[in-house]
Amino acid sequence: MDSNIKSIVVKFLTDKPVRKTPYQVKGVFIRNFKNESIVPMLDGSKRDRFLYPRVQVKILDEQIYLIGIDEGVSPVLEISEKIEKLDFGNITFQIQDRDISQFKNEFISSNQLIDYEFITPWVALNNMTGKKYNKLEDSDKHSYLTKLIGQNIIFIAKELNLDLGKEIYIKLELSSLVAQKIDEKSWGSFKGTFKTNCILPNYIGLGNGITRGLGTIFYDQDVILNNSESSENEVELLKNLAKEKGLETIDVLDVPKPKRKNKRKASFKKKSRNKLRRNKNKKTFKSNGRVHNENYNILENNEGDNIDQKNYNTEEHHKRQHKF
């Protein structure tokens, strides 16, 4: 099965180690490259169109990585060829070189199980899923997390209008089932690896906190390349699955297709909320207006961490959060 989904990974080789956050890097892009096509992919302008961020920024081994998926490929390629330096105000990084890798046929089913590693903490649990997870027996927690990964992969694939078939297979291995807290949000993170019969773009994020660089996955792409001539049929897949223990099956049909916001309805709701605020002295009204499917961790919409429906990627927010 072929896919028309492409991806790009650009690693910037700088003159000194980069000890900045992805938010700070995005802030420099937004501030210094206002006319570039990558900016709307970073500042939240396209969050109504793209439920999963098409451009992601990572800091790995003290180097900057830009990842583009589908519509994000061209903007990443364009900016990577123009950047000569990144000025953070208190420090400037000179771009000495750049490694650019492009790939195609992403987000497709494979006839083999592929090993992925979380190279940054996987934030599987937010406030809602965390409460449910903590109530589970220890024997059920592993299965719950496994299904979260599978459902998240399917949800993203459907958001990209891709067909993964009837079901996918997941095997999860974690260093501990005790969730590590992330910041003030009480999110729960884990370290570990997983296997699945899906080919996913390297360095993309899964779970919560994607725009913070969290949930970043990595796999050895040579493994796929060396097996590219294998027969892509169900018999081959079943043979590979039979060798693995602890696999869980996720039904693709159980995961709904993502629904984008209706701008007209959203505008009406916004006006209604403003009216209620004006009349707050007359009447008390309590509602957060959020719609969240607790199984898929896509609450962050286009530009992650959108727990409170705030735009955390504007230049103003960056100025408040970080000193450039």
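Residues numbered from 1 in each chain as written. Predicted model: local features only at pLDDT ≥ 70, side-chain atom pairs only at ≥ 80, totals over all residues. Heavy atoms only, no water.

**A short note on the sheet that holds strand β13 (residues 248–251)**
Piece 1. Within the open sheet, the five strands sit side by side as β12-β6-β11-β8-β13. Their pairing is antiparallel. Edge strands, defined here as strands with exactly one partner in the open sheet, are β12 (217–218) and β13.
Piece 2. As defined by bridge partners, strand β8 (residues 167–174) adjoins β13 across four bridges and the pair is classed as antiparallel. Its bridge partner being in β13, Ile168 is matched across the sheet by Ile250.
Piece 3. Here helix α5 (residues 138–159) sits on the sheet in contact with β6 (108–118), β8, β11 (192–199) and β13, set at roughly 130 degrees to β8. (Pairing = 2+ DSSP bridges. Helix = DSSP H or I, 4+ residues; strand = E, 2+ residues; numbered from the N terminus. Contact = heavy atoms within 4.5 Å. Axes fitted to C-alpha atoms, helices over the stretch in contact; angles between N-to-C directions.)

**Focus: the packing of aromatic side chains**
Piece 1. If you walk through the whole model with that rule in mind, you get eleven aromatic pairs.
Piece 2. Centre to centre, the rings of Tyr65 and Tyr203 are 5.2 Å apart; their planes meet at 35 degrees, and the pair counts as tilted. Here Tyr203 lies in the loop between β11 and β12 and Tyr65 lies in strand β3 (residues 63–69), a separation of 138 residues in the sequence.
Piece 3. An angle of 5 degrees between the planes, with centres 5.2 Å apart, marks the rings of Phe118 and Trp122 as stacked. Considered together, Phe118 and Trp122 belong to a single accessibility category, that of buried residues. (Phe/Tyr/Trp six-rings, centres within 6.5 Å; stacked < 30°, edge-to-face > 60°. Buried < 20%, exposed > 50% of the residue type's maximum accessible area, 1.4 Å probe, protein only.)

**Regarding the nonpolar core**
The tendency in soluble globular proteins is for nonpolar side chains to be buried as a group.
Piece 1. Ranked by internal contacts, the top residues of the largest apolar core, which has 47 residues, are Phe107, Trp122, Leu145, Ile153, Ile168, Phe194 and Leu200.
Piece 2. For this core, the secondary-structure elements that each account for two or more residues are β3, β6, β7 (122–125), α5, β8 and β11.
Piece 3. By residue number, the principal contributor to this core is α5, which donates nine residues.
Piece 4. Apart from residues lying up to four places away in sequence, Trp122 is in contact with Leu145, Leu148, Ile149, Leu172, Leu174, Gly188, Ser189, Phe190, Leu206, Gly207 and Gly215.
Piece 5. Membership of the second largest hydrophobic core comes to 26 residues, among which are Val18, Val39, Val57 and Leu66. (Core = buried A, V, L, I, M, F, W, Y, C linked by side-chain atoms within 4.5 Å.)

**Comments concerning the confidence of the model for the protein chain**
Piece 1. When pLDDT is averaged along the protein chain, the result is 81, and 76% of the positions lie at 70 or above.
Piece 2. Predicted confidence in the protein chain is weakest over helix α9 (residues 315–321), with a mean pLDDT of 45, and strongest over β12, with 98.
Piece 3. The low-confidence segment residues 298–315, where pLDDT is below 50, has 73 contacts with residues more than four positions distant or belonging to other chains.
Piece 4. Long-range and interchain partners of residues 317–324, a stretch whose pLDDT sits below 50, account for 24 contacts in this model, where long-range means more than four residues apart. (pLDDT = per-residue confidence, 0-100.)

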